[in-house]
Amino acid sequence: RRGNSLKMSKKKADEAAESNKAARFGRVRNNLKMGIVGLPNVGKSSLFNLLCEMSAAAENFPFCTIEPNESRCAVPDERYDYLCQLWQPPSKYPAYLQVMDIAGLVKGAAEGAGLGNAFLSHIQSVDGVFHVVRAFESEEVIHVDDSVDPVRDLETIQNELCKKDLVFLEQAIAKEEKDVRCSPGFKLSPVFKETMAKARALLEANKPVRDGDFTTPEVEMINMKLSLITTKPVVYLVNMSSEDYARKKNKFLAKIHKWVQEHGGGAMIPFSIAYEQQVWEKREDAEAQAAMLKETPSALPKMIKQGYSDLNLRYFFTAGEKEVRCWTVFGGALAPQAAGVIHTDFERGFIKAEVVAYEDFKSLATGKGMAEVKAAGRYRQEGKQYEVQDGDIIHFQFNVTAPKKK
């Protein structure tokens, strides 16, 4: 029985590993970004300001943000903080999440309403979406539809994105058909036709393409032929009053959660712009700010981590006397690719990676050295096929005299 259970466990582990390596929608790069999306006056620019500590205009009327603001925010990580505290290097460089503040969409945006076409093209250029939903009443902050109804707002945004994607889809099909007509002997592949038909059926039903059941070849076809908005991962951010956030209750939360679960799921993070601004205003008084956060923690760190994770980004550490640094790679990156993030010579002349998992280092090392880690057999030498894990501490061995491939 034990043998059978071990076999079953191994089988499940193998299946899980395979599913993690399955094709994903979107670009495979190390510098992906999240876009903050929603109707006008839901708190997008204010959130952007808080995340990136910038002062983008946040006036209270539609379309005050026309050109998207772009910045980055540090990814909070206790592991990075620990390594910086241990090494005390002159150079410290955390991981960063790239964020874009995109102007508010309105009903009819896909047909150009409210400068919609420009806004939708901005959404198309990002890799994931922070969808901000308003769940607070305020006479001071007008609502573009004159009343607060988060589910209606969610439907409005999703419908506009699906409509725009349908336009992109029809354009891609027309282009492919034209290319085939101009190339005698060629014809549309069955995978192309089946993939486009599946995607069209979803979009015509106002359902995002990411909710569809696609095979790996179909996902690869979409990535190659289309640049769709509704394939991007979405994190739903529910902006409440500071009072509701503090007491963890809001009359809209259950309805929003139900809608999210019925429309493909995804992370849903309640937060309060009003509360986060109060915390920010206490930045000169560390003691008062710490007291506020102890009673009611900020939601910003959770947002940043969730966005980073949903983009399928990871990072490894390099640590030493001169610098502690996080290096961003995409999930599934192999050791030579990770080395190339530091310098192309590292990838070109890759020999091996000397690796220790952060948790092993923290639990075993009593100082800056690796003696205890090596004694415990947790300091590993990995080759070209090693898949870098989040939180690895790595030292690369390379030979820069290796000839460059032509």
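Residues numbered from 1 in each chain as written. Predicted model: local features only at pLDDT ≥ 70, side-chain atom pairs only at ≥ 80, totals over all residues. Heavy atoms only, no water.

A. Expanded view of the pairing of strand S1 (residues 33-37). The buried fraction of S1 is high, at five of five residues. Of the two faces of S1, both are covered, the one formed by Lys33, Gly35 and Val37 as well as the one formed by Met34 and Ile36. Two elements, S1 and strand S4 (residues 96-101), share four bridges in a ladder whose sense is parallel. Among the inter-strand pairings, Met34 is bridged to a residue of S4, identified as Val99. Strand direction decides the pairing type here: S1 and strand S5 (residues 128-134), joined by four bridges, are parallel. If you follow Gly35 over to S5, its bridge partner there is Val129. (Buried < 20%, exposed > 50% of the residue type's maximum accessible area, 1.4 Å probe, protein only. Helix = DSSP H or I, 4+ residues; strand = E, 2+ residues; numbered from the N terminus. Pairing = 2+ DSSP bridges.)

B. The arrangement of the environment of Ala199 in detail. As for its position among the elements, Ala199 is in helix H6 (residues 190-204). It is 9.9 Å that separates the C-alpha atoms of Ala199 and Glu218, two residues lying 19 residues apart in sequence.

C. Here's a closer look at the nonpolar core. Counting residues in hydrophobic clusters, the biggest one holds 90 residues, and the most contacted among them are Leu47, Leu97, Ile123 and Leu237. Counting residues per element, this core draws most heavily on helix H5 (residues 150-181), which supplies eight residues. The next biggest cluster of nonpolar side chains, apart from the first, holds 16 residues, and it includes Phe330, Ala333, Ala335 and Ile394. (Core = buried A, V, L, I, M, F, W, Y, C linked by side-chain atoms within 4.5 Å.)

D. Layout of the side chain of Lys44. Its location among the elements puts Lys44 in helix H2 (residues 44-52). Buried charge without a salt bridge: Lys44, with Asp101 as the nearest opposite-charge side chain at an N-O distance of 5.9 Å. Polar side-chain contacts of Lys44 include one of 2.8 Å to the backbone oxygen of Leu39. Once residues within four sequence positions are removed from consideration, Lys44 is found in contact with Ile36, Val37, Gly38, Leu39, Asp101, Ile102, Ala103, Gly104 and Val132. (Lys, Arg positive; Asp, Glu negative; His and termini not counted. Salt bridge = Lys/Arg side-chain N within 4 Å of Asp/Glu carboxyl O. Polar contact = N/O pair within 3.5 Å; in protein donor to acceptor, adjacent residues only side chain to side chain. Contact = heavy atoms within 4.5 Å.)

E. Quick look at the confidence of the model for the chain. Overall, the predicted model of the chain reaches an average pLDDT of 86, with 84% of residues at or above 70. Low pLDDT (under 50) marks residues 54-66, which in the prediction has 36 contacts with non-local residues, meaning those over four places away or in another chain. (pLDDT = per-residue confidence, 0-100.)

F. Representation of the pairing of strand S7 (residues 268-271) in the model. Of the two faces of S7, the one holding Ile269 and Phe271 is buried and the one holding Met268 and Pro270 is not buried anywhere. Two strands pair when backbone bridges link them, and strand S6 (residues 234-239) and S7 are joined in this way by four bridges, in the parallel orientation. By the bridge assignment for S7, Leu237 is matched with Ile269.

G. Broad picture of unusual backbone geometry. Even without a glycine there, the phi angle at Asn41 is positive, about 65°. When you line up the elements, Asn41 lands in the loop between S1 and H2. Among the residues examined, Asn41 registers a relative accessible area of 13% and is labelled buried. The phi dihedral of Asn206 is positive, around 60°, even though this residue is not glycine. Along the chain, Asn206 falls in the loop between H6 and helix H7 (216-225). The partly exposed category is assigned to Asn206, whose relative accessible area is 30%.

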